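Residue strings, one per chain:
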Amino acid sequence: QVQLVESGGGLVQAGGSLRLSCAASATTFTINYIAWYRQAPGKQRDLVASISSGGSPNYADSVKGRFTISRDSTKNTSYLQMNSLKVDDTAVYYCSTARGLFRYWGQGTQVTVSS
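All figures in this text were calculated on a predicted structure; none of them were measured in a lab. (Residues numbered from 1 in each chain as written. Predicted model: local features only at pLDDT ≥ 70, side-chain atom pairs only at ≥ 80, totals over all residues. Heavy atoms only, no water.)

**Q** What am I meant to see in the packing of aromatic side chains here?
**A** For any pair of aromatic rings, geometry is given as the distance between the ring centres together with the angle between the planes. One pass over the structure, following the stated rule, counts four aromatic pairs. For the ring pair tyrosine 37 and tryptophan 105, a centre distance of 5.0 Å and an interplane angle of 70 degrees mean the geometry is edge-to-face. Residue tyrosine 37 is located in strand E4 (residues 33-39), and its partner tryptophan 105 is located in strand E10 (residues 102-105); the two are separated by 68 residues in the primary sequence. Take tyrosine 37: its relative accessible area is 13%, and that puts it in the buried class. Ring geometry for tyrosine 94 against tryptophan 105: centres 6.2 Å apart, planes inclined by 85 degrees, an arrangement best described as edge-to-face. Of this pair, tyrosine 94 sits in strand E9 (residues 91-99) while tryptophan 105 sits in strand E10, and the two are 11 residues apart along the sequence. (Phe/Tyr/Trp six-rings, centres within 6.5 Å; stacked < 30°, edge-to-face > 60°. Helix = DSSP H or I, 4+ residues; strand = E, 2+ residues; numbered from the N terminus. Buried < 20%, exposed > 50% of the residue type's maximum accessible area, 1.4 Å probe, protein only.)

**Q** For this particular structure, what's the right way to read the state of the cysteines?
**A** Any covalent bond linking the sulfur atoms of two cysteines counts as a disulfide. Counting across every chain of the model gives one disulfide. At a sulfur-sulfur separation of 1.9 Å, the disulfide partner of cysteine 22 is cysteine 95. Between cysteine 22 and cysteine 95, the disulfide has an S-S torsion of -75 degrees and is therefore left-handed. Linking cysteine 22 in strand E3 (residues 18-26) with cysteine 95 in strand E9, this pair joins segments that are 73 residues apart in sequence. By the burial criterion, cysteine 22 is buried, and cysteine 95 matches it. (Disulfide = S-S within 2.5 Å.)

**Q** Help me understand the side chain of threonine 77, please; the structure alone is not making it clear to me.
**A** As for its placement among the helices and strands, threonine 77 is situated in strand E8 (residues 77-82). According to the relative accessible area criterion, threonine 77 is buried, its value standing at 11%. Within polar-contact distance, the side chain of threonine 77 engages the backbone oxygen of lysine 75 at 3.2 Å. If we skip the residues at most four places from it in the chain, threonine 77 touches Cys22, Ala23, Ser70, Arg71 and Asp72. (Polar contact = N/O pair within 3.5 Å; in protein donor to acceptor, adjacent residues only side chain to side chain. Contact = heavy atoms within 4.5 Å.)

**Q** Could you clarify how one ought to interpret the nonpolar core in this entry?
**A** What tends to happen in soluble globular proteins is that the nonpolar side chains get buried as a cluster. Counting 28 residues, the largest nonpolar core has Trp36, Val48, Phe67, Leu80, Met82 and Tyr93 as its most contacted members. Of all the secondary-structure elements, those providing two or more residues to this core are strand E1 (2-7), E3, E4, strand E5 (45-52), strand E7 (67-72), E8, E9 and strand E11 (109-114). In terms of residue count, E3 provides more of this core than any other element does, four residues in total. Apart from residues no more than four positions distant in its own chain, methionine 82 is found in contact with Gly16, Ser17, Leu18, Leu20, Arg66, Phe67, Tyr93 and Val111. (Core = buried A, V, L, I, M, F, W, Y, C linked by side-chain atoms within 4.5 Å.)

Pasting the structure below:
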């Protein structure tokens, strides 16, 4: 009943850019909140950015000024524009939404930044 389909991950050199996309759908509720998380090997899954309908975007300190989250409500799609990428940005990136007691996740997409 909830699907989150991600795309846009890949390999990029430090200083480069990538744009991740998350196409979201739900059969029983309206999706008005989207978040991007990332998880590097051996580390916790951390919030990168989030956006909700009628609200301002929120960013982790580590990505402020470099990443931009946006959404197209007509397409129910969220984007994470990542600029000035650093090696430490290397992680699996996940798109997520929440409803009541449940949190839903996409499949994850690998972002690898090389020096």
